[in-house]
Amino acid sequence: MRIAQVAPLYESVPPRLYGGTERIVSYLTEQLVELGHEVTLFAAGDSRTAARLVRGAPRALRLDPRVVDSVAHHVAQLRTVCDRAGDFDVIHNHMDYIGFPVALTTSTPFVTTLHGRLDMPDLEPIFAAYRDLDLISISNDQRGPVPRARWRGTVYHGLPASLYAPGDGRGGYLAFLGRISPEKRVDSAIRVAEHTGVPLKIAAKIDRADVGYHESVIRPMLAASSLVEFIGEIGEKDKAAFLGGAKALLFPVDWPEPFGLVMIEAMACGTPIISRRRGSVPEVIDEGETGFICDDEASMIAAVERLDTIDRARCRAVFDSRFSARRMAEDYLAIYRALLEERSRRGAA
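Structure report, in brief. (Residues numbered from 1 in each chain as written. Predicted model: local features only at pLDDT ≥ 70, side-chain atom pairs only at ≥ 80, totals over all residues. Heavy atoms only, no water.)

Before going further, it helps to spend a moment on helix α7 (residues 236-244). Listed in full, the buried residues belonging to α7 are K239, F242, L243 and G244. At its buried positions, α7 is contacted by α1 (20-34), β8 (173-179), β9 (200-205), β11 (246-251), α8 (261-268) and α11 (312-322). (Buried < 20%, exposed > 50% of the residue type's maximum accessible area, 1.4 Å probe, protein only. Helix = DSSP H or I, 4+ residues; strand = E, 2+ residues; numbered from the N terminus. Contact = heavy atoms within 4.5 Å.)

See the structure below:
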């Protein structure tokens, strides 16, 4: 099958540091190539791939100080996709709604995976105007705000089976991995550590938009605590040791989490998760088997005392069965084939 993968340009594919969407595009692209498909990746020029790379920008936009208007680069990439559309059997868009107009210009099956939250009022006119486009969700909960969209399936994220080796948790600390932002609630993770007396290590990125939250809320908490260590942003090569050495991953999100890639990263390392009941969490965590789903901080604190009841080998086994890159690629291929069959039937009619 000739497949186009269209990635955002903010990060390379895969990203050097933080970047969930671009990492998933990378894992999917490489797995599709391994399965024998002819894949073209539209992405930043510093991307690394076994597929054919079409550069939408010289390098990741986040790392280029000359970039002022990132939308301009994405619109230019979309023109290239339009011009090449006839070369593919299917076009898979990961650029969110900015890629929607391309679907109207081509007869090539075009499908979009939505990687973000969908509960913002600004999105209502977009989904009303493009209600006939084919969409894929990354969790069933993500669909809630737009239930009448043309959903073609839910495909959970997956990671290469060899990416992380299981750890033993002997570091004895709790781990927080992600972004320093109000919705990720690192402040809650700090309070859990303080109440339980278990050290907490924070490996997190601080976006420009979240500097105020970090300075006003998190920095004073860090200064007041002897249990908490702030490591900063880490790359993929450091995650296995960071997550594998932890007693548990704290994931105290307080927003409609679309998926939560870090949860399956932890599972791959054999590390249980303690999370709030938000968004996709009940779809990813098996209660009492790969972690604990909590309703408040008090229950998260109590869950720390129950970590010895979780079998780390079982966490890894669940990852292997539910969240591998191979399973993700096969799920997407099933949707691609369904779209091609529908186009064939329409052509016959």
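Read on, since the account is not over.
Here we take up the sheet that holds strand β2 (residues 38-44). Pairing in this open sheet of seven strands is parallel, and the strands run β3-β2-β1-β4-β5-β6-β7 from one edge to the other. The open sheet terminates on both sides in strands that have one partner only, identified here as β3 (52-57) and β7 (150-154). The mean inter-strand angle of the sheet, taken between neighbouring strand axes irrespective of direction, is 25°. In terms of strand pairing, strand β4 (residues 90-93) meets strand β5 (residues 110-113) through three bridges, oriented parallel. Paired with H92 across the bridge in β5 is V111. (Pairing = 2+ DSSP bridges. Axes fitted to C-alpha atoms, helices over the stretch in contact; angles between N-to-C directions.)

To continue, consider the pairing of β5. Neither face of β5 is open: one carries F110 and T112, the other V111 and T113, and all of them are buried. Sheet topology note: the β5/strand β6 (residues 134-137) ladder contains three bridges and is parallel. Directly across from V111, in β6, lies its bridge partner D134. Tracing the backbone out of β5, into helix α4 (residues 124-129) and back to the parallel element β6 gives a crossover that is right-handed. (Right-handed = clockwise from strand over helix to strand, strands pointing away.)

In this structure the tally under the stated criterion is 33 salt bridges. Between R16 and D46 there is a salt bridge whose closest N-O contact spans 3.7 Å. Of the two residues, R16 is situated in the loop between β1 (2-6) and α1 and D46 in the loop between β2 and β3; the sequence distance between them amounts to 30 residues. What makes D46 buried here is its relative accessible area of 17%. For D320, the salt bridge goes to R316, with nearest N and O atoms at 3.1 Å. (Salt bridge = Lys/Arg side-chain N within 4 Å of Asp/Glu carboxyl O.)

Here we come to the state of the cysteines. Under the defined criterion, the tally for this structure stands at zero disulfides. With no disulfide of its own, C315 lies 11 Å from the sulfur of C269, the closest cysteine sulfur. (Disulfide = S-S within 2.5 Å.)

Looking now at the packing of aromatic side chains. Following the criterion strictly, the structure yields eight aromatic pairs and no others. Here F100 and F127 contribute two aromatic rings whose centre-to-centre distance is 6.2 Å and whose plane-to-plane angle is 65°, an arrangement assigned as edge-to-face. In this pair, F100 is assigned in helix α3 (residues 100-103) and F127 in helix α4, connecting sequence segments 27 residues apart. You'll find F100 and F127 in the same group, each marked buried. Here the aromatic residues F100, F127 and Y130 are joined through ring pairs into a cluster of three or more. Directly above the aromatic system of Y173 lies the positively charged group of K201, at a separation of 4.4 Å from the ring centroid. (Phe/Tyr/Trp six-rings, centres within 6.5 Å; stacked < 30°, edge-to-face > 60°. Lys NZ or Arg CZ within 6 Å of the ring centre and 35° of its normal.)

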